[in-house]
Amino acid sequence: MSLLEVNGISKAFGGIHALDGCSLAVEQGSITGLIGPNGSGKTTLFNVITGYERPDAGTVTLRGTDVTNASPSTIFGLGLGRTFQIVRIFSRLTVMENMHIAVQRRGVRSLLRRWTAPDERAHAQELLDFVGISHLTDAPAENLSYGQKKLLEFAMILIAEPRLVLLDEPAGGVNPTLAAQLTDRIKTLNQRGITFLIVEHNMQFVMSLCDKVAVMHRGSLLTEGTPDQVRGNPAVLEAYLGD
Amino acid sequence: MPFNVNPAELFGAVLDGILTGTVYALMATGLSLIFGVLDIIDVAQAGYVILAAYLSFVLQGVLHIDLFLGLLITMPLLFLVGLAVELAFIRPLKRERTQLSILVTFGIGLVIEGVLGMAFGTTEQGLQAWYVTHGFQIGNAYVPYMYVFAFILAVVLIAALFVLLYRTKFGRSVRALMQNRTAAQLIGINVERVSAITFAIGVALTAAGGMAYGATTPFNNNSWYDLITRLFAIIILGGLGSVQGALIGAIIMLVCSDVTAVVWSPVWSSAVFFLALVLLLLFRPQGLFGRVATRKQ
Amino acid sequence: MKRSLNPRLVKIVWPLLLLVAAILFPLVFPNPALDNIAVLTLMYAAMATAWNIFSGYTGYNSLGHSTFFGFGAYVIALISVDKGLEGGFSLFLLVPVAGVVAALAAIPIGWITLRTRGHAFVVITLITVFIFQLLAFNLRGFTNGSIGLFLPAPGFGVDWFLLPYYYIQLAILVLALLTSLYIRSSRYGLWLLAIRDDEDRAEGLGVRTGTSKLIAFVISAFFVGMVGAMYAYFIGSIYPQYVFDPALTITIVLMAFLGGVGTLAGPILGAIILETAQQYFSIYAPTGLYQIFLGALFLIVILLMPQGIVPSLARLWTAWRVRRGAGGTPVAPERQPVAVEKG
């Protein structure tokens, strides 16, 4: 059983069929890339998987549970974290406060307790360190540069200890050095058991990182395979150039 | 509870509702237009209405200019006021426009209330003319001429507005802006200019609304609270951002209130309407024609 | 090397000093006119603080808090009239009762109004005040309509009759402040602030947005209801248009904005400034001037100082201290010379 199964998802906006019978499987422990020309439906698929959009048809299964019509918070609670194309963090809070929002603690008492409880804080600090922005812990999030904000968003997802992480254009708008460090971090996390599904336009990023690549075109899956297989596939090239 | 269902009275109430509803529609349309284009709620809209009522009062009382002719002065005047307000107080709002615009426009409304209070005191006024005090009979219902004239005025202005929106280049820009601000910018529409002019048009429309309001209801500088609440209720009912919604909402509201006044008691007319609005929102938070607030992705 | 004050100590000492000053105030200045203003100021401060707990933190600007003020006022009036109670200290026991009733009313009202967002929400809350004003006018058998209701005379001695009101109201304000502080420093408070910044993102991260908002709304209503009851007892008579008054919420919103939304001291500062001004205007100024003043103040504050006085002052203070070399709180400089990321 795959970690994430998407079966025959269709979604139309007005007359536009963003997704048309799209099916995809993500295996536990893999790093899967999702590429395709603009308008192929990648972000819409992400939105459907994470509960921000309801599909018109099809199912989404996460660890065997049907999450097709579940809300974003339920899905997040089931261990699926997601970043956005345009980074979404809480600007008026500090970096550390942002981290604490994402912590998944149960129970009313966890809400009332002062949030600077040492074990929570240490774990968050560790993650900030891992992504490389721990020196900005108490800075207001709005003061961070765009790349730093992306790292913060990444860290926020991680503190919830997800099983599957969906990254929507993580390398978008960041310089090569940062992209390389991101690749590094993702590989480390993958070794610790976290599965990744990554939408990206940056081919170098995708090819160097992913063990499987899926190509979308006009709302459904065109083909999938290893990076080399996909690179050599003429249909893929045509999809990009033809549109 | 004695329900009085008298067909003649009912007819009179419905007629009344449609006539006055159209005047309210005129005022609410301005609000809707401003919201659709600038994405702000102009609380001061009711303030401009009362201001216009007082202006008509002065023009008629002091200069003896007929109320309708006076519009030739008050409408351009209010258009300029609208331009000035937009430039000075609305445009500078960058961050948190949504919240702050309500407070800013409320501030403007307060200032208007204060100025009018200082100039005219708090005694209630009413606009006078032969057509206000005289009317005619339709069946059992008595209709002051003013209601009909105001209705005609409102229809003419609303029609003119629709022509402007759907048949002119400017109107196209306005509609584009209402649909998608960023896209409009990208195709070269001067967003700031269109916004300013639209705002000014919205305010200019209140000149007509104010004159009609002042001729049909006693008013003083305090009246804007009640009026803005009704206008709000209308555009919420119709759906924020929908100009048709404002029209239909206004007619529904006034007809409901007038019918309730006749069938049950005048005391309950507004209350029933507001309660009905709340009920509607339970099942349809976006109103009749409003856009559903989709989850931001 | 100048030794700067321990900031934690300063944070505790300042409020304590102010509290002591507040406690001593009516004793040091027994002028009844002045103390009258002081009691009203405390009422406004408490309401502005309560408003802040909901609207300041979640960003949902409610213009409907007068609804709960009215609820509180009518509860205490109706009970004391119905039971034929006499004035005195025991009547104050109805104040928390009024608060609870207001809070209970806030549950359905909040549940309905919170189904909307942004503009629609603001407008709905304003309409709510009018609905209840109309109900208060029209349910004459219950509320006595426009005739109003009268509360029993307190029977306190002429010399000191203001004091019980003053101290109980002060206690309510302190309670509201402590609640606000507690929320601010808890994770629940972070949730509310996250809702203000990006509600959908917060929900996607597991924040229970619906429940959080409603709870803050109810807590806010509780305090406002208590102030409503205090006001009713203080003034002695209530009428629908004065206790269900939209201008009231507007005033407390302005107080919160003037002082600084989302801060603790802000609403209090705003209340002090505005209430004193209001009293001054009502006595010395011609009709209408107060509205002009209030409106102009609104415009000035929002256009020039949208953060409010307290945060603006705080920023100036920090900037001054940094320039003096005293250190100040660590803030990320614009450019970080690190290996991570530059742009």
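Up top is the structure.
Our subject in this report is the structure included herewith. (Residues numbered from 1 in each chain as written. Chains lettered and ligands numbered in written order. Predicted model: local features only at pLDDT ≥ 70, side-chain atom pairs only at ≥ 80, totals over all residues.)

### Some details on the pairing of strand E9 (residues 212-217) of chain A
Remark: a regular strand shows side chains that alternate across the two faces of the sheet. Residues and elements named next belong to chain A. Taken across its six residues, E9 has five buried, putting it largely inside the fold. Bridge analysis of strand E3 (residues 31-35) against E9 gives four bridges, and the strand direction is parallel. Bridge pairing in E9 links Thr32 to Lys212. Sheet analysis places E9 next to strand E10 (residues 220-225), joined by five bridges and oriented antiparallel. Opposite Ala214, over in E10, you have Glu224 as the bridge partner. (Buried ≥ 20, exposed ≤ 12 C-beta atoms within 10 Å, placed from the backbone. Helix = DSSP H or I, 4+ residues; strand = E, 2+ residues; numbered from the N terminus. Pairing = 2+ DSSP bridges.)

### Here we look at the sheet that holds strand E8 (residues 195-199) of chain A
Residues and elements named next belong to chain A. Pairing in this open sheet of six strands is mixed, and the strands run E6-E7-E8-E3-E9-E10 from one edge to the other. Looking at strand neighbours, the two that pair on one side only are strand E6 (80-82) and E10, the edges of this open sheet. Between one strand axis and the next, the sheet turns by 20 degrees as a mean value, whatever way the strands run. Bridge count between strand E7 (residues 164-168) and E8: five bridges; the pairing is parallel. In the strand pairing of E8, Leu164 is matched with Thr195. (Axes fitted to C-alpha atoms, helices over the stretch in contact; angles between N-to-C directions.)

### Some remarks on the environment of B:Met27
All names here are of chain B. Looking at the secondary structure, you find Met27 in helix H1 (residues 7-38). Residue Met27 is classed as buried on the basis of its C-beta count, with 30 C-beta atoms lying within 10 Å. Along the chain, Met27 and Ile187 lie 160 residues apart, while their C-alpha atoms are 31 Å from each other. Dropping the residues within four chain positions of it, Met27 is found in contact with Gln45, Val49, Thr206, Gly209 and Leu231. (Contact = placed C-beta atoms within 7 Å.)

### A short note on the sheet that holds strand E5 (residues 65-66) of chain A
Residue and element names in this part refer to chain A. Reading across the sheet, the four strands line up as E2-E1-E4-E5 and stay open at both edges, with antiparallel pairing between neighbours. Bordering the open sheet on either side are strand E2 (16-26) and E5, each of which pairs with just one other strand. One ladder, built from five bridges, connects strand E1 (residues 4-13) with strand E4 (residues 57-62); its direction is antiparallel. Across the sheet, the residue bridging to Glu5 is Thr61, located in E4.

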